[in-house]
Amino acid sequence: MIKSSRVREIRLILGDQLNASHSWFRNRDPEILYVIAEVLEEATYVPHHIQKVCAFFLAMENFALALKKAGHKVQHLTLDDTRDFTTFPELLDALTEKYQPELVSYQQPDEYRLQQELIQWSKKTKIRTLCVDSEHFLLNWQDIPQWLPENKSWRLEFFYRKMRKHHNVLMNGDKPEGGQWNFDKENRLPLDNKVDIERPLTFAHDVSAIRERIHNHNISTIGDMGTKLIWPSTRQESQKLLKFFVKKMLPHFGTYQDAMSEAHWSIFHSRLSFSMNTKMLHPMEVISAVEAAYKERKDISISQAEGFIRQILGWREFVRAIYWQSMPGYERKNHLLAQRNLPDYFWTGKTRMACMAKAIGQSLDYAYAHHIQRLMITGNFCLLAGINPKQVHQWYLSIYIDAIEWVEAPNTLGMSLFADGGKLASKPYAAGGNYINKMSDHCGHCHYNVNARHGEQSCPFNSLYWHFLDRHQEKLGNNHRLRMVYRNWEKRSAADKKQVLATARHYLDHIEDL
């Protein structure tokens, strides 16, 4: 710890609050102490990917250094320094006892768990406390109830249009740029060898000291690392990644954003979510860069720009709003009463299903998979197989570098698993092997036959899809978006349905062997 000196105020900065533009930092005050700390609880509440822990710790260290260079009084505490404190409240007790400040301030946490910890600590401490806005999101935390009223249905499209108007993004007066709000129908192509895929921009950080610290404190992690950390660890590197995306990837992003490939792990995706979720980049900064490029360059169509902006201005803000409107208890949702255990190959990638092996293996290698891999491969499989939502939630929270509960939980429990009963999505995002075959090149070399609906070596996604619909017909049969699907199922012969369901039951009984 730093030498004791006059401290009027302690300001706590969490690991996902690395926002250099926050109003806290406009003025330098020698009596304000900024605290950035590695705390055991945050590194162990799930077994995080090794790259995730290293990336957060390195970004926190670099942010502390940047604040010091800017003239602020900063205390960066590693696990070695906080070994006697498991949680932030325990650490804050020690810091307030040491410095006797008049005030302890913290930014609004993005996770309900941390919010409650700090609220409870504030009630117990004799020190005056203050919670301020993180100044990051495009929808203020206190305004969420107005945007998602409890007595009305919540749908992305209406939320997104309202956000476009509110922030004047891709608008011509009160009309949407290009004459329509959504160009999603133009953005669903598989890779077709018509364009070259640029090698993704990565970094090469030596995190050997951090890894040693993780090992010394017996922190359990998953996944692989390689020799260097490839993710951005500063605002400058995050801006470099943004510029690279806009220059090299954006011209083809929208068209191929749903495509999946054996050879390419990021295709045209930006991989900016870690930088935004740690607040090294502001979402409007990213949106403005994309909108400006669309207006200035002929190689970027409206469908490319709109497809990307919708993910940030629409989806990212929408899932955050749903998270806060649904907590506490959202993480325990299980509308379809799924109880099957998560198969072991989710931790190893060793499965004969080629699409699953790729999505899981890539996640273990890079702590990353793009949204369709998460939704339509691993998420879809867990939905169809009836995997316990809590286990799936913890897996997603563990394995992805950008996974913080506010964004992960709604995507996993609401979008992927329909565990919230339709609060987020109007229907379950279930699909058989045909979708995977259309959008990827996985099926051509798979052990299973994507064209077979049942029988030995038939694609598990095919029979599991119909088994899922059949066993949940009471809950899903009246869903207007599934009525045609159920009609098609009813038209099948009794013998065909019997074979399909028998194959699915066999796969479920031997799920570890798939």
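Residues numbered from 1 in each chain as written. Predicted model: local features only at pLDDT ≥ 70, side-chain atom pairs only at ≥ 80, totals over all residues. Heavy atoms only, no water.

## Considering helix α20 (residues 494-509)
Keep this limit in mind: Each helix is a run of H or I in the DSSP string that is no shorter than four residues. Each strand is a run of E no shorter than two, and both are numbered from the N terminus. Here a helix's expected span is defined as the number of its residues, less one, multiplied by 1.5 Å. Residue contacts are counted whenever heavy atoms from the two residues lie within 4.5 Å of one another.
When the terminal C-alpha atoms of α20 are compared, their 22 Å separation across 16 residues agrees well with the 22 Å that a helix rising 1.5 Å per residue should span. Residues of α20 that are buried sit in contact with α13 (371-385), α17 (460-471) and α19 (483-491).

## Digging into the state of the cysteines
Heads up, the rule is: Any cysteine sulfur atom paired with another within 2.5 Å is treated as part of a disulfide. Working definition: with a 1.4 Å probe on protein chains only, accessible area under 20% of the residue-type maximum means buried, over 50% means exposed, and in between means partly exposed.
Scanning the model with the defined rule gives zero disulfides in all. Left without a disulfide partner, C355 is nearest to the cysteine sulfur of C443, which lies 6.3 Å away. Take C446: it sits in no disulfide, and the sulfur closest to it among the cysteines is that of C443, at 6.5 Å. Since its relative accessible area comes to 22%, C446 is described here as partly exposed.

## Regarding the nonpolar core
For the record, the criterion: Here, nonpolar core refers to any group of buried Ala, Val, Leu, Ile, Met, Phe, Trp, Tyr and Cys residues whose side-chain atoms link them within 4.5 Å.
Counting 156 residues, the largest nonpolar core has M356 and F381 as its most contacted members. Counting residues per element, this core draws most heavily on helix α11 (residues 302-326), which supplies 13 residues. Contact partners of F381, with chain neighbours within four places excluded, come to P343, Y345, F346, M353, M356, F461, L464, I511 and L514.

## Structural notes on the pairing of strand β5 (residues 128-132)
Selection criterion: Between any two strands, pairing holds if DSSP finds at least two bridges. Handedness of a crossover is defined as follows: orient the strands so they point away from the viewer, and if the path from the first strand over the helix to the second runs clockwise, the crossover is right-handed.
Taken together, the five bridges between strand β4 (residues 103-107) and β5 define a ladder with parallel strand orientation. Bridge pairing in β5 links S105 to L130. Assessed by its sense of winding, the connection that carries the chain from β4 through helix α4 (residues 112-124) to β5 is right-handed.

## Brief notes about the packing of aromatic side chains
Here is the rule: In this scheme Phe, Tyr and Trp rings, the latter by its six-membered ring, pair at centre separations within 6.5 Å, and the angle between planes marks the pair as stacked below 30 degrees, edge-to-face above 60, and tilted otherwise. Definition used: whenever NZ (Lys) or CZ (Arg) falls within 6 Å of the ring centre and also within 35 degrees of the ring normal, the charge is taken to sit over that ring.
Applying the stated criterion to the full structure yields 31 aromatic pairs. Ring geometry for Y112 and W324: centres 6.4 Å apart, planes at 55 degrees, overall tilted. Remark: W324 occurs in helix α11 and Y112 occurs in helix α4; sequence separation between them is 212 residues. Grouping residues by exposure puts Y112 and W324 together as buried. Look at W466 and W489: their rings are 5.2 Å apart centre to centre, the planes differ by 10 degrees, and that puts the pair in the stacked class. In this pair, W466 sits in helix α17 while W489 sits in helix α19, placing the two residues 23 residues apart along the sequence. Taking the relative accessible area as the measure of exposure, W489 reaches 1% and is therefore buried. Taken together, the ring pairs connect Y345, F346, F381, W395, Y396, Y400 and F461 into an aromatic cluster. Across from the ring centre of Y45, 4.3 Å away, lies the NZ or CZ of R113, which sits over that ring. The side chain of K497 reaches across the aromatic face of W489, ending 5.6 Å from its centre.

## Here we look at helix α7 (residues 208-216)
The test is simple: Comment: arc refers to directions from the helix axis out to C-beta atoms.
Burial in α7 covers these residues: I210, R213 and I214. One side of α7 carries all its buried residues, which in axial view fall inside an arc of 100 degrees. Those residues of α7 that are exposed and aimed more than 90 degrees away from the buried face are A209 and H215. On its buried face, α7 is in contact with α2 (50-69).

## Looking at the pairing of strand β2 (residues 32-37)
Summarising burial for β2: six of the six residues are buried, a large majority. Inspection of the sheet shows strand β1 (residues 9-13) paired to β2 by five bridges, in the parallel sense. Each residue of the ladder has a partner; that of E9, found in β2, is I32. The sheet contact formed by β2 and strand β3 (residues 73-77) spans five bridges and is parallel. Looking across to β3, one finds that A37 is bridged to L77.

## Details of the sheet that holds β1
Heads up, the rule is: Note on geometry: axes are lines fitted to C-alpha atoms, helical ones only across the stretch in contact, with angles between N-to-C directions running from 0 to 180 degrees.
Strand order across the open sheet formed by five strands is β3-β2-β1-β4-β5, with parallel pairing between neighbours. The open sheet has two free edges, formed respectively by β3 and β5, since each of these has just one partner strand. Across this sheet, the average inter-strand angle for adjacent strands is 20 degrees, counted without regard to direction. Packing against the sheet, α2 makes contact with β1, β2 and β3, and its axis sits at approximately 160 degrees to β3. Its contacts with the sheet place helix α3 (residues 88-99) against β1, β2, β3 and β4, and it is angled at close to 155 degrees to β1.

## Some thoughts on the side chain of N479
As a reminder, the rule being used: Polar contacts here mean pairs of N or O atoms no more than 3.5 Å apart (in protein, one a potential hydrogen donor and the other a potential acceptor; neighbouring residues in sequence count only if both atoms are side-chain atoms).
Here N479 is to be found in the loop between α18 (473-476) and α19. Residue N479 is classed as buried on the basis of its relative accessible area, which comes to 13%. A polar contact is formed between the side chain of N479 and the backbone oxygen of S426, at a distance of 2.8 Å. In terms of polar contacts, N479 uses its side chain to reach the backbone amide nitrogen of R481, at 2.8 Å. Contact partners of N479, with chain neighbours within four places excluded, come to S426 and K427.

## As for the side chain of T503
Checked against the element boundaries, T503 lands in helix α20. In this structure T503 comes out as buried when scored by relative accessible area, which is 11%. Separated by 2.9 Å, the side chain of T503 and the backbone nitrogen of G455 make a polar contact. Discounting residues that sit within four places of it in the chain, T503 has contacts with H454, G455, S458 and S463.

Read these as spatial facts, not as claims about activity.
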